[in-house]
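What follows is each chain in one-letter form.
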Amino acid sequence: MPAVRANHLYKVFGKRASQAVALLSDGRHRDTIKDLNVTAAVIDVSFEVQPGEIFVVMGLSGSGKSTLIRMLNGLLPPTAGTVEIDGTDITTLSRRALRALRGEKISMVFQHFALLPHRTVLENAAYGLEVRGVSRAERHERAAHALDLVGLGDWKDHLPNQLSGGMQQRVGLARALTADTDIILMDEAFSALDPLIRRDMQTQLLQLQAELGKTIVFITHDLNEAMRLGNRICVLRDGRVVQIGTPEEILNHPADDYVARFTEDVDRSRVLTAASVMEPAPKAEAADWERVAPDAPVVELFQRVAACDSPLAVVDKEDRVIGAVSPTTILSALAMPEEASSAVPSLANGTRREGAAK
Ligand code: ADP
């Protein structure tokens, strides 16, 4: 069962919302129904998020991301369609039942996290549990554990204003982890941070995720961030889904020109993996080559292949050769211009493709 399921979800603001939904469901663009005086924020959005997945919703400002995430946790009722959390349609729940479900199953992390200035870091992390009436001893124990997880174990007794922006954002994450819900919704959670700190936070989220296996819906306007974090990415444009796919699918098979234009700025070497660029391997020769895992990022392969005098053998878990990666393979996959390829050390092997790298 999916952890989160959006089923033909619409949010239209304005009096004639139902009329708008009828027109939009026929495929009309939201700009063509302006005479109804409505704002169509989310239009016919469907997807499923599996337990343990990081599902990224990516789109420019105004594409409907925040409206969508607020429907996923029941803060905003949909105009049409349903949201299921662990199989329960939350659009039919009473306010009270919804509040209970939010407390048990869903936490939120926002871009600007409201920390209580006169409470310590520990108390701030424990705040969600305090609201839910959990005893002081238990909430402090759980918050202390969460702060350890995000690397703030030594800062428990400090006040928020003694922390940097990145650390404050970690307290936000710790608050979500203290609540220990299976689902965490993150709305532009790292967007206000400096680039280096932002990258650190992404790394930490990936590490935590490997350990904790939460279901995360992560909203961002940054495709590089989406590619780095997402198991799958949902690209929104003007309220509609234009593509849902793995980072590699989006990079290699963009659904349309709009998505393709986005991907131009992506650092392909960090997204593509050995499995996505490899070519058929001559099995006998490949047996002696250096081995790499299918999920090794190309940026890593590039360094390794430059340091040895044969291609790399991509092997599965049973150490069977499933493909080969040479400098030429990498260059073609990255679509580097030919002049740049002269920087790659040349290899005396037969796997190089004619003309791809001179
Ligand atoms: P994003 O998070 O991608 O920037 P939003 O979901 O905030 O997009 O907004 C999508 C569209 O819905 C925008 O045109 C926005 O102005 C509009 N919108 C959002 N909330 C409301 C509201 N409460 N009333 C009217 N229009 C809204």
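Predicted model only: the values in this text are computed from it and were never measured. (Residues numbered from 1 in each chain as written. Predicted model: local features only at pLDDT ≥ 70, side-chain atom pairs only at ≥ 80, totals over all residues. Heavy atoms only, no water.)

Asks: Run through the overall build of the chain, naming residues and quoting values.
Replies: When helices and strands are tallied, the chain shows 16 helices and 13 strands. Across the 358 residues in the chain, those meeting the buried criterion constitute 48%. Considering only residue pairs separated by 6 or more positions, the chain has 65% of its internal contacts joining residues 24 or more positions apart. With 40 positive and 47 negative side-chain charges, the chain shows a separation of 8 Å between the mean positions of the two kinds. (Helix = DSSP H or I, 4+ residues; strand = E, 2+ residues; numbered from the N terminus. Buried < 20%, exposed > 50% of the residue type's maximum accessible area, 1.4 Å probe, protein only. Contact = heavy atoms within 4.5 Å. Lys, Arg positive; Asp, Glu negative; His and termini not counted. Charge placed at Lys NZ, Arg CZ, Asp CG, Glu CD.)

Asks: Tell me about the sheet that holds strand β12 (residues 312–315), and name the residues and values.
Replies: Across the sheet, three strands lie side by side as β11-β12-β13; this open sheet has mixed pairing. Only two strands of the sheet have a single neighbouring strand rather than two, namely β11 (290–292) and β13 (321–325). Each strand axis lies, on average, 40 degrees off the axis of its neighbour in the sheet, ignoring direction. One ladder, built from three bridges, connects β11 with β12; its direction is parallel. By the bridge assignment, R291 is partnered in β12 with A313. (Pairing = 2+ DSSP bridges. Axes fitted to C-alpha atoms, helices over the stretch in contact; angles between N-to-C directions.)

Asks: Account for the environment of S18, naming residues and giving values.
Replies: Checked against the element boundaries, S18 lands in helix α1 (residues 17–24). The sequence separation of S18 and Q303 amounts to 285 residues, and the corresponding C-alpha distance is 56 Å.

Asks: Run through the site of the ligand, naming residues and quoting values.
Replies: Looking at the ligand, the residues that line it are F13, T39, A41, L60, S61, G62, S63, G64, K65, S66 and T67. Taking S63, its main chain carries an N or O atom lying 3.1 Å from an oxygen atom of the ligand. A distance of 2.9 Å separates an oxygen atom of the ligand from a polar side-chain atom of K65. Residue assignment for the shell around the ligand shows that the elements contributing at least two residues are β2 (39–49) and α2 (65–72). (Near = heavy atom within 4 Å. Polar contact = N/O pair within 3.5 Å; in protein donor to acceptor, adjacent residues only side chain to side chain.)

Asks: How would you summarise unusual backbone geometry if you had to cite specific residues and measurements?
Replies: We note that D238 has phi near 50 degrees; this positive angle belongs to a residue other than glycine. Here D238 is to be found in the loop between β9 (232–237) and β10 (240–245). Judged by relative accessible area, D238 falls into the partly exposed class, the value being 26%. A positive phi angle, close to 65 degrees, is found at D319, a residue other than glycine.

Asks: For the packing of helix α14 (residues 298–306) against helix α15 (residues 327–334), give the residues involved together with the corresponding values.
Replies: Here α14 crosses α15 at 150 degrees, and the two axes come no closer than 10 Å. Classed by the angle they form, the pair α14 and α15 counts as roughly antiparallel. In the crossing of α14 with α15, the sense of the turn from one axis to the other is left-handed. Here α14 contributes V298, L301, F302 and V305 to the contact with α15, which in turn contributes P327, I330 and L334. (Parallel < 35°, antiparallel > 145°, perpendicular 65-115°, else oblique. Left-handed = near helix turned anticlockwise from the far one by under 90°.)

Asks: Talk me through the nonpolar core; I want residue IDs and the actual numbers.
Replies: Across soluble globular proteins, nonpolar side chains have a tendency to be buried as a group. Judged by nonpolar contacts, the single largest core of 61 residues is most densely connected at M186, F218 and L301. The element best represented in this core is helix α6 (residues 165–179), accounting for six residues. When near neighbours in sequence (up to four residues on either side) are disregarded, F218 contacts I54, F55, V56, V57, M186, F190, L205, E225 and L229. Ranked by size, the runner-up nonpolar core spans 29 residues in total, among them A6, V42, L68 and L101. (Core = buried A, V, L, I, M, F, W, Y, C linked by side-chain atoms within 4.5 Å.)

Asks: Could you give an account of helix α7 (residues 195–212), with specific residues and numbers?
Replies: Each turn of an α-helix holds 3.6 residues, which means side chains three or four residues apart point in the same direction. Its 18 residues place the ends of α7 25 Å apart at the C-alpha level, agreeing with the 26 Å of an ideal helix rising 1.5 Å per residue. Among all positions in α7, only R198, M201, Q202, Q204, L205, L208 and Q209 are buried. In a view along the axis of α7, the buried residues occupy a sector of 165 degrees, so they form one face of it. α7 presents L196, Q207, A210 and E211 as exposed residues on the side facing more than 90 degrees away from its buried surface. The elements touched by buried residues of α7 are β3 (54–58), α5 (136–149), α6, β7 (183–187), β8 (215–220) and α8 (223–229). A positive phi of about 60 degrees marks G213, the residue just after α7. (Expected span 1.5 Å × (residues − 1). Arc of directions from axis to C-beta.)

Asks: Please set out the sheet that holds strand β5 (residues 88–89) residue by residue, giving values where relevant.
Replies: The strands making up a sheet are joined through hydrogen bonds of the backbone, oriented either antiparallel or parallel. Taken together, the four strands give an open sheet; going across it, the order is β2-β1-β4-β5, and neighbouring strands pair in antiparallel fashion. Both outer strands of the open sheet, β2 and β5, are each paired with one neighbouring strand and no more. Pairing analysis gives five bridges linking strand β1 (residues 4–13) to strand β4 (residues 80–85), with the strands arranged antiparallel. In the sheet register, Y10 faces β4, and the bridge partner there is A80.

Asks: So what's going on with the pattern of salt bridges? Residues and values would help.
Replies: Opposite charge on two side chains permits them to pair, given that their charged atoms come into close proximity. Evaluated as defined, the whole model comprises 15 salt bridges. For E225, the salt bridge goes to R198, with nearest N and O atoms at 3.0 Å. Taken together, the positions of E225 in helix α8 and R198 in helix α7 put the pair 27 residues apart, joining distant regions of the chain. When salt bridges that share partners are traced, they join R5, E48 and E84 into one network. (Salt bridge = Lys/Arg side-chain N within 4 Å of Asp/Glu carboxyl O.)

Asks: Residue-level account of the pairing of strand β6 (residues 106–109), with values.
Replies: Residues I106 and M108 of β6 are buried on one face, and the alternating residues S107 and V109, pointing to the opposite face, are buried as well. With four bridges connecting them, β6 and β7 associate as parallel partners. Note on β7: the bridge partner recorded for S107 is I184.

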